[in-house]
Amino acid sequence: MKQARQKTFGAVVPIMDAETIGRALRRIAHEIIERNPQLTHVVLAGIPSRGVEIARRIAAFILQIRKIKIETGIIDVAMHRDDVGTRPELPIVRESKLPLPLEERTVIVVDDVLYTGRTVRAAMDAINSFGRPARIQLAVLIDRGHRELPIRPDYVGKNLPTSGSEKVKVQLQETDNKPDAVWLGREST
Amino acid sequence: MNAQFPGSIRWTRKDLLGLRELSADEINFVLETADAFKQVGTREIKKVPALRGKTLVNFFVEPSTRTRTSFELAALRLSADVINISATTSSLTKGETLKDTARNLEALHADILVLRHSSAGAPQFLANRLKASVISAGDGAHEHPTQALLDLYTIRERRGKIAGLRVAIVGDILFSRVARSNIFGLLKLGAHVTLVGPSTLVPREFEKLGVEVSHQIEDVLPKADVVNLLRIQHERQRREYFPGIGEYIRLFGLTKERAKLLKPDCLIMHPGPINRGVEIDSEVADGLHSVILAQVTNGLAVRMAVLYLCGGVAT
């Protein structure tokens, strides 16, 4: 299984390492502080599983920089997807956890890679079922382009031009048990 | 995706017919999926689009209110369309065979069929012949898988685990599909199971499944972590099996006095509807040990999980 996956990944180009990922997330933390004067109203809602970890790290940077502990949450998108039954594998659903009520709050959706935008749309639908936040923003580690919906990120760690046949692989110590890294690979065959 | 979640498996079944054929991993996977859906019930908008555009047919050939309503609400919360058909409103009363009725439902493009039937094996029969998902809502004295799953979910939620717990199932075991499904599920997840009741309804034969059998409820209650009381099915009792309600209460009813034997953290469960004063005293049913209403709430989450998993696979 593992070998097969490596094979389809083909030629691999390293894009980010632990240091550049750390810098990118720290910069996002600064931008969030700049754009949100009322930091205590901000909730970082990660999309499982790497988005949750990235949200945790951004919150840790904000705590470091401003000594303010902002709230984090988990937003499950599996049951809000528009393609259940059309994918070969049924997405695993997980429990969402958001501080309530959402009214007055700014929810920042956090994910590792932004691609078509469909996951983010599902995340926005999921958030709306909990209430009506004052605003929703989007933070991603990588924006690889190819949007299929009118969605744009507010905070980007790295813009990475890709072609549709390429794959972006993100690995984080906490979720993947391997050192932080981002690669760009071409699907063989 | 799976690699990040050790222990999680891929669900491949379009049908849920019983717990006997499920692995411990599969059972745990349903319970974990139910965790996510339980949380949906606490949202301001208690509805997700997961099964939008799908049609579910609740086909209840045997009467049932709570199971049917629970499936109906679960399907509605997943945004599926729901049709309810009962024995009296179906053409079964006009002599149509089960297979023909089901084929007609399929011709209407039903995606999920929830079936309650008095004959054991009826859901299996249809599952083999239909493209739609078939979910058993109880068949004869065979299995009632979603009831057992919600019982397991409730135990796991309250006690944090199932392995190693001592679970007593009390009452009419011989005719009980709830008992059978519970026995399979509990044993797979590592619980110790003791069946309690009169020897006519709890024959020693059950020991072959790997459970203990007792005819003395006083011996079992002090050690039990969970007591699951089954309803005495007046409508199904035949005189040769059952001495009489009075004698049953005297020997096996969970009375106020007997409840004093229970450990302080013992859970009292009942699949409902309860016969107050028969298998359980009112004070016990409404008391601190009782998780009977939690079972109802959890039933909804477990059925959402089952519909999501089986309904998602079928297409």
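The following refers to the structure shown. (Residues numbered from 1 in each chain as written. Chains lettered and ligands numbered in written order. Predicted model: local features only at pLDDT ≥ 70, side-chain atom pairs only at ≥ 80, totals over all residues. Heavy atoms only, no water.)

A separate point is the sheet that holds strand β5 (residues 135-143) of chain A. Think of a sheet as strands paired side by side through backbone hydrogen bonds, with each pair either parallel or antiparallel. Residues and elements named next belong to chain A. Read across the open sheet, the five strands follow the order β3-β2-β4-β5-β6; overall the sheet is parallel. The sheet terminates laterally at β3 (71-74) and β6 (155-159), the two strands that pair on one side only. The mean inter-strand angle of the sheet, taken between neighbouring strand axes irrespective of direction, is 25°. Sheet strands in contact with helix α3 (residues 50-66) are β2 (42-46), β3, β4 (106-114) and β5, and its direction is about 125° off that of β4. Its contacts with the sheet put helix α4 (residues 118-128) on β4 and β5, and the angle it makes with β4 is roughly 155°. (Pairing = 2+ DSSP bridges. Helix = DSSP H or I, 4+ residues; strand = E, 2+ residues; numbered from the N terminus. Axes fitted to C-alpha atoms, helices over the stretch in contact; angles between N-to-C directions. Contact = heavy atoms within 4.5 Å.)

With that settled, the discussion passes to the nonpolar core. Within the largest apolar cluster, 95 residues are counted, with the highest numbers of intra-cluster contacts made by Phe37(B), Ile169(B) and Leu307(B). When near neighbours in sequence (up to four residues on either side) are disregarded, Phe37(B) contacts Met79(A), Val93(A), Val48(B), Leu78(B), Ala301(B), Met304(B), Ala305(B) and Tyr308(B). Among the nonpolar cores identified, the runner-up in size contains 30 residues, and Ile54(A), Val170(A), Leu172(A) and Leu184(A) belong to it. (Core = buried A, V, L, I, M, F, W, Y, C linked by side-chain atoms within 4.5 Å. Buried < 20%, exposed > 50% of the residue type's maximum accessible area, 1.4 Å probe, protein only.)

Let us look at the pairing of strand β1 (residues 55-60) of chain B. Residue and element names in this part refer to chain B. Most of β1 sits inside the fold, with six of its six residues counted as buried. Side-chain alternation along β1 places Thr55, Val57 and Phe59 on one buried face and Leu56, Asn58 and Phe60 on a second face that is also buried. Bridge count for β1 against strand β2 (residues 81-86) is six bridges, and the pairing is parallel. Across the sheet, Val57 pairs through a bridge with Ile83, a residue of β2. Handedness of the β-α-β unit built from β1, helix α2 (residues 66-77) and β2 comes out right-handed. Both β1 and strand β3 (residues 112-117) contribute to a ladder of five bridges, which runs parallel. Within β3, the residue paired with Phe60 across the bridge is Arg116. (Right-handed = clockwise from strand over helix to strand, strands pointing away.)

This paragraph deals with the sheet that holds strand β5 (residues 166-170) of chain B. Residues and elements named next belong to chain B. Pairing within the open sheet is parallel, and its five strands lie in the order β7-β6-β5-β8-β9. Each of the sheet's edge strands pairs with one partner strand only, and the pair in question is β7 (212-214) and β9 (267-269). Each adjacent strand pair in this sheet contributes to an overall mean axis angle of 20°, direction not counted. Here three bridges tie strand β6 (residues 192-196) to β7, and the two strands are oriented parallel to one another. Residue Leu195 lies in a different strand from β7, and its bridge partner there is Val213. In this fold helix α5 (residues 145-159) packs onto β8 (226-229) and β9, with an angle of close to 165° to the strand it touches most, β9.

Next up on the list: empty space enclosed by the protein. For the structure shown, the criterion picks out two cavities of 30 Å³ or more. Space inside the largest cavity adds up to approximately 80 Å³. Together, 13 residues line the largest cavity, and Leu90(A), Ile92(A), Ile9(B), Trp11(B) and Phe29(B) are the ones closest to its centre. Breaking the lining of the largest cavity down by element, the ones donating at least two residues are α1 (24-40) and α11 (292-314) of chain B. When the residues that make up the lining of the largest cavity are grouped by side-chain class, the tally is nine nonpolar, two polar and two charged. Of the pockets and cavities examined, the second largest cavity occupies roughly 40 Å³. (1 Å grid on protein atoms, 1.4 Å probe; cavity = no way out; pocket = protein on both sides within 12 Å on 5 of 7 lines; lining within 4 Å. Points joined across faces, edges and corners; volume = space filled by probe spheres on them. Nonpolar A, V, L, I, M, F, W, Y, C, P; charged D, E, K, R; others polar.)

Moving on, we come to the packing of aromatic side chains. The final tally for this structure, using the stated rule, is two aromatic pairs over all chains. Summarising the aromatic geometry, the rings of Tyr248(B) and Phe252(B) are spaced 5.6 Å apart at their centres and angled 35° between planes, so their arrangement reads as tilted. On the criterion of helical spacing, the pair formed by Tyr248(B) and Phe252(B) is a turn pair, its members being four residues apart in helix α8 (residues 245-252). Of note, Arg144(A) hangs over the ring of Tyr115(A), and the distance from its end group to the ring centre comes to 3.9 Å. For the cation-ring pair, Arg303(B) lies above Phe71(B), with the distance from its terminal atom to the ring centre recorded as 5.0 Å. (Phe/Tyr/Trp six-rings, centres within 6.5 Å; stacked < 30°, edge-to-face > 60°. Lys NZ or Arg CZ within 6 Å of the ring centre and 35° of its normal.)

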